[in-house]
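One letter stands for each residue in the lines below.
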Amino acid sequence: MPSKDGALRAQKPPQIAAICVLYALAFWPTANIRAEGEPAEDFLKRLRAAGYFDIAITYLDRLDDYPGVDAKLREAIALEKAHTFIDSAVVARTATARDESFLAAEQQLTEFLKLPSHPRLSEARLQLGKLQMVRAAQLMAGKVDDEKRKAARESYLAAAKTFDEIVNNLREELKAMQGQKIDAAKEPEKAAQRDTYRAEFLQGQLNAGESRRLAARTFDDPAKDGKNLLDEALVSFTDLSDKYDGYVQGAIAMLYRGQVMQDLGDREKALDSYIRMLEQPEADPLRDAKFQATSGLIQLYLTDKEPKFDQAIDRGQPILDTARPDEKRSQSVQQLRVDLAKAYLAKAADKSQKPPDAKRAQTNGRQLLFAASKVPGTHLSEAETILADLGISKEDEVELPKAEDPKSFAEALQSAIQLYEAAEALQKNLTTIEKDAKAIEQVKELQKQLTETRAIAVMILSRGMSMVTVETDVESINQARQLLAYLLFQEKRYRESAVVGSFLALQSPGNDTGLRGGLIGLTSLQYLLTEAGDQDNTGLIGQLRDLGEYLTKTWPNDPQAAVAQGIMIRLALGKDRWDEAKQLVAKMPSGSERASYERLMGQLLWNKSVMSRQDGDEEQAKSLLNEAQASLDAGLKGTDGKLVDPEALQAALVLAKIYMRLEKDKEALETLDNSKFGPLKLVDKQGAPSETFKSDLYATELQAVVSRMTSPEGDAEKLLDRATSAMENLRKSITGDDAQAKLVPIYMGMARNIREQLDSAPPDRKTKLIDAFRVFLDRIAQSSQDPDTLLWVGQTLSQMGESAMAPGESVASGQAKDLVTSAVETFENLKANAKDLPLTVDYQLGRSYRLLGRYKDAVEVLANILTQKPMMLDAQVEAATAYEQWAGTDPARAGLIYKAALAGTRPNPNHPKKENTIWGWGVISQRTSGNPKFSEMFFDARYHVAKCRFLMGSANKSEQEMERAVSDITQVAALYPEMGGAAKRQEFDALLKEIQKRLGRKPEGLPPMK
């Protein structure tokens, strides 16, 4: 379907999903639209996100034909068209298409700005200013002469003027609203408008400064000829970052401060600004700014008298590795790739590097440049120049396969079927030879032919679909839709296959063709959810749920449609909708299928319980634990016949762990020994569900047996023999050359489990447990000389000692001190009598030193570890904790030691590594930011950053430092209102109140969550 708009004519060839969208709009039942209203804004966003700009324009042209569309959106059609044209210009393949799109966008914005009043006028002005900036950037791309520089400068300054007008207008609007004292609860629309104006006010101020900075860069010497503009920009950025650092714009202003300082040649201030930008908490709106800040740091490192390429790589590579799929084509990521490539190439050129290291660095640099050279943008010329200097030319782009236009729908369908059959034959041949290491070139050729064949089939079929008439046989149309959906799925074009498959299911209810189309759509939506990862996937989940419900209702007795019900159960569980999942499971007939979902639900409830306990919500954790126990018990006992699925063994092991958590050690052992599903009885016969299952099983058995030793019903001697046997089975379950490396973390996990069991036990039972564990440990220590076993003994002693410490106590005393002292003796003897010990021994020794208050010894041991393995996060946390606690015992040097806890140290000045060996809380928070795996550690580190800053300020009597501590907390609260969970938020709140009180203010703490 050719585009009607010249500005979009040069875009990529029409995609089949776009055709299906219009086809669906033309034939979709109107009753549904009238009943539910037209989701116009959401639909527009999806069209633009998918790159279907011509369809979006057509849709906006027809907006008046659809009922239920919000009147405000109808009034803003010109603005929405402008957004669409700008998005299309950004991805345009030719300069002509790009310029046409920008011109069309400017015309639409000008038209919209003629309105006397509209809530989105400020948004339109912002877009106009951004458009002026983009056009200026185009003039500065490629080969630039004085005339282009002047024109670009004028465009940047025109943009600055546009943004200044926005700021001035909105400042008056916000002042007027401030006088109205809007109550958000009573006047939500006014409150929302105020928030929008505030965001646009801050964005306008940010863009005004950036326009001036870029205008200054149109001069050959920005620091000299553009100094006035840079100074004006710096005033804007400083005002934003100092006054509004709790807002996204204020945080991003720190990046721009660094760029201005870099342009002015003030290297130290630029470094400070970039680093402060990177220390900001991880949040989606700040990710692009962090990529740019990293580029700035790398540029500064490489322009030193002695280029610091190692520091540049250490800073750049970890951040580049976090780039998400949707970010990997952004301009900031491309520039980061180019800058990081320079660092690798500088390392490769360094004559002091070993040949393998230099070769590896050169390869990394080339790969980064290749990746950057495939994406259009302002970086492209630089990337291609560096590649050319390396003697490498840009790879030729692969042309899309072509096909003759079919003469009719029937011809298109027949051709597509023939191509599909050819593709299946190619796939069969490929499967046969792809495992042959000698057939690499043949495999590549077959893969290329397969891709081309499927692509041609899709093209022919999509063109044939446009030839459908009212006389075309409906069955043939549905056959074509089914084939099209399947081909799109094979090409991994899941969004389009989901559209076609879902549409087919709705158009063919009750027959096999509709069901197959629905299943293709369902599977495609699942793949899209997987690809979305942590991004907002609410819309996808809604589509999947709606389609799943439709399939189960329309084909209630078909086993294939039952798959949809299973997916819906998993979706409900994935979103913590436990009641909904229970209802869906309850509707299933008794049998193995239902039992499997009961076991799945039980295991997920167990995981949720563990997370709740980590968040400090013990009440919810216990409630979830009881639910998990009931669900797993039903899933294991409610199945007819014998269980032969290894998954059931995993469920039984989890159930045993739950019984242990509920202090039901007898039931735990009975579960492990059960003749029907007990993993101890069946694991050798049925096979382990995973490689680590046996070790986990014997570790759980060991914990249950030792716990049972405290019961008056238990035979202590017999149980002690069983515990020893379980310990031996545990050791035998770990095999291979890396057995020692695998065994150590298992022992550590056992020690943590014992610690958790002790922590949750009442005082009288805790004493009995410690005595029982102590007897067992003494027996193991006397009978074994194995370093791994003795390491576990020492670690368990240390963990038990820590558990015996009173709440709030940082230095062990009494029974706790005796246990930790025994642990230290075990570790020291182990170091004296064994060689080639893992770093875990030193880590546990350093931790034990800290628990005894031997902080200097702790720091020395931990620094030795971190000299060898700086990325060992647990050791970094221990070292920072040791410094923080040490400072509290040394008032004379408290300020200096708190600074070490906050910013780290390099205890060995002779070590060649120039960066701090011990990072401190600041770098720990930066390195863990944005990684869900380290979420708890990130919030804990941010808390300690604020705490150390406050205590350092108190020790140094510096209100400025204490004010920074306040800012540390409010920034986290602004970007992450939940602040790591209820318990951690309470800690932040209590600390903030303490700081406010110290500063002589009312201790208000954190504002309530909205």
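## Looking at the nonpolar core
Moving on, step 1. Core analysis: the biggest nonpolar cluster contains 97 residues, and Ile658, Tyr883, Trp921 and Ile924 have the highest contact counts within it.
Moving on, step 2. A total of 11 residues in this core trace back to one element, the largest contributor, which is helix α30 (residues 646-661).

## A short note on the pattern of salt bridges
Moving on, step 1. For the structure on display, the rule yields 42 salt bridges.
Moving on, step 2. Note that Lys243 and Asp239 form a salt bridge whose closest N and O atoms lie 2.9 Å from each other. Here the residue Lys243 and the residue Asp239 both occupy positions in helix α12 (residues 227-243), the gap between them amounting to four residues, near one helical turn.
Moving on, step 3. On the accessibility criterion, Asp239 (23% relative accessible area) is partly exposed.
Moving on, step 4. Through salt bridges with shared partners, a single network forms among Glu210, Arg213, Arg217 and Asp263.

## Examining unusual backbone geometry
Moving on, step 1. One non-glycine residue with positive phi stands out, namely Lys492, at about 65°.
Moving on, step 2. Phi is positive for Lys957, close to 55°, though the residue is something other than glycine.
Moving on, step 3. With respect to the helices and strands, the residue Lys957 is situated in the loop between α44 (935-956) and α45 (959-975).

## Considerations on the confidence of the model for the chain
Moving on, step 1. Residues of the chain with pLDDT of at least 70 account for 84%, and the chain-wide mean is 79.
Moving on, step 2. Here helix α2 (residues 30-36) stands out as the element of the chain with the lowest mean pLDDT, 32, in contrast to helix α41 (residues 873-887), whose mean of 94 is the highest.
Moving on, step 3. A low-confidence stretch, residues 395-402 stays under pLDDT 50, and its non-local contacts, those more than four residues away or across chains, total nine contacts.

## Focus: helix α32 (residues 679-686)
Moving on, step 1. Every buried residue of α32 is listed here: Pro679, Leu682 and Val683. Around the axis of α32, the buried residues are gathered within 120° of arc, so they sit on the same side. Away from its buried face, by an angle of more than 90 degrees, α32 presents the exposed residues Lys681, Asp684 and Lys685.
Moving on, step 2. On its buried face, α32 is in contact with α30, α31 (665-673) and α33 (693-708).
Moving on, step 3. Downstream of α32 by a residue or two, Gly687 has a phi angle that is positive, lying close to 95°.

## Observations concerning the packing of aromatic side chains
Moving on, step 1. Counted under the stated rule, the structure contains nine aromatic pairs.
Moving on, step 2. Look at Tyr244 and Tyr247: their rings are 6.3 Å apart centre to centre, the planes differ by 65°, and that puts the pair in the edge-to-face class.
Moving on, step 3. Look at Tyr244 and you get partly exposed, because its relative accessible area is 24%.
Moving on, step 4. Tyr247 sits in the partly exposed class, given a relative accessible area of 37%.
Moving on, step 5. Aromatic pair Phe939 and Tyr976: ring centres 5.5 Å apart, planes at 90°, arrangement edge-to-face. Residue Phe939 is located in helix α44, and its partner Tyr976 is located in the loop between α45 and α46 (982-998); the two are separated by 37 residues in the primary sequence.
Moving on, step 6. Each member of the aromatic cluster is reached from another via a ring pair, and the members are Phe938, Phe939 and Tyr976.

## Let's talk about the packing of helix α13 (residues 248-264) against helix α15 (residues 287-302)
Moving on, step 1. Two numbers describe how α13 lies on α15: the axes approach to 10 Å, and their chain directions differ by 25°. Of the possible angle classes, the one that applies to α13 and α15 is roughly parallel. Once α13 is placed against α15, the crossing between them reads as left-handed. Residues Ile252, Leu255, Gln259 and Gln262 of α13 lie in contact with α15, whose contacting residues are Ala289, Gln292, Ala293, Gly296, Gln299 and Leu300.
Moving on, step 2. In the contact of α13 with α15, the residues fall into five nonpolar, five polar and no charged.

Rules and cut-offs
- Sequence order as written defines residue numbering, which begins from 1 separately in each chain.
- In keeping with the model being predicted, local features are shown solely for residues with a pLDDT of at least 70 and side-chain atom pairs are shown and tallied solely at 80 or more, while totals for entire chains, interfaces and linings include all residues.
- Side-chain descriptors were evaluated using all non-hydrogen atoms of the structure, hydrogens and water having been removed beforehand.
- To qualify as a nonpolar core, a set must consist of buried Ala, Val, Leu, Ile, Met, Phe, Trp, Tyr and Cys residues joined through side-chain atoms within 4.5 Å.
- Partly exposed describes any residue whose relative accessible area lies between the buried limit of under 20% and the exposed limit of over 50%, with all areas from a 1.4 Å probe on protein chains only and scaled to the type maximum.
- Strands here are runs of E lasting at least two residues and helices are runs of H or I lasting at least four, both read from the DSSP assignment and numbered beginning at the N terminus.
- What counts as a salt bridge is simple: a side-chain nitrogen of Lys or Arg found within 4 Å of a carboxyl oxygen of Asp or Glu.
- Per-residue confidence from the predictor is reported as pLDDT, a score between 0 and 100.
- Contact definition: two residues touch when any of their heavy atoms are within 4.5 Å.
- It is the directions from the helix axis to the C-beta atoms whose arc is reported.
- Here a pair means two rings of Phe, Tyr or Trp (six-membered ring of Trp) with centres within 6.5 Å. Their orientation is stacked below 30 degrees between planes, edge-to-face above 60, and tilted elsewhere.
- Throughout, an axis means a line fitted to C-alpha atoms (over the contacting stretch in the case of helices), and angles, computed between N-to-C directions, take values from 0 to 180 degrees.
- Roughly parallel here means an angle under 35 degrees, roughly antiparallel means over 145, roughly perpendicular means 65 to 115, and every remaining angle is called oblique.
- Here a crossing is taken to be left-handed if its near helix is turned anticlockwise relative to the far helix by less than a right angle, and right-handed if that turn runs clockwise.
- Each residue is assigned to one of three groups, with Ala, Val, Leu, Ile, Met, Phe, Trp, Tyr, Cys and Pro labelled nonpolar, Asp, Glu, Lys and Arg labelled charged, and all others, Gly among them, labelled polar.

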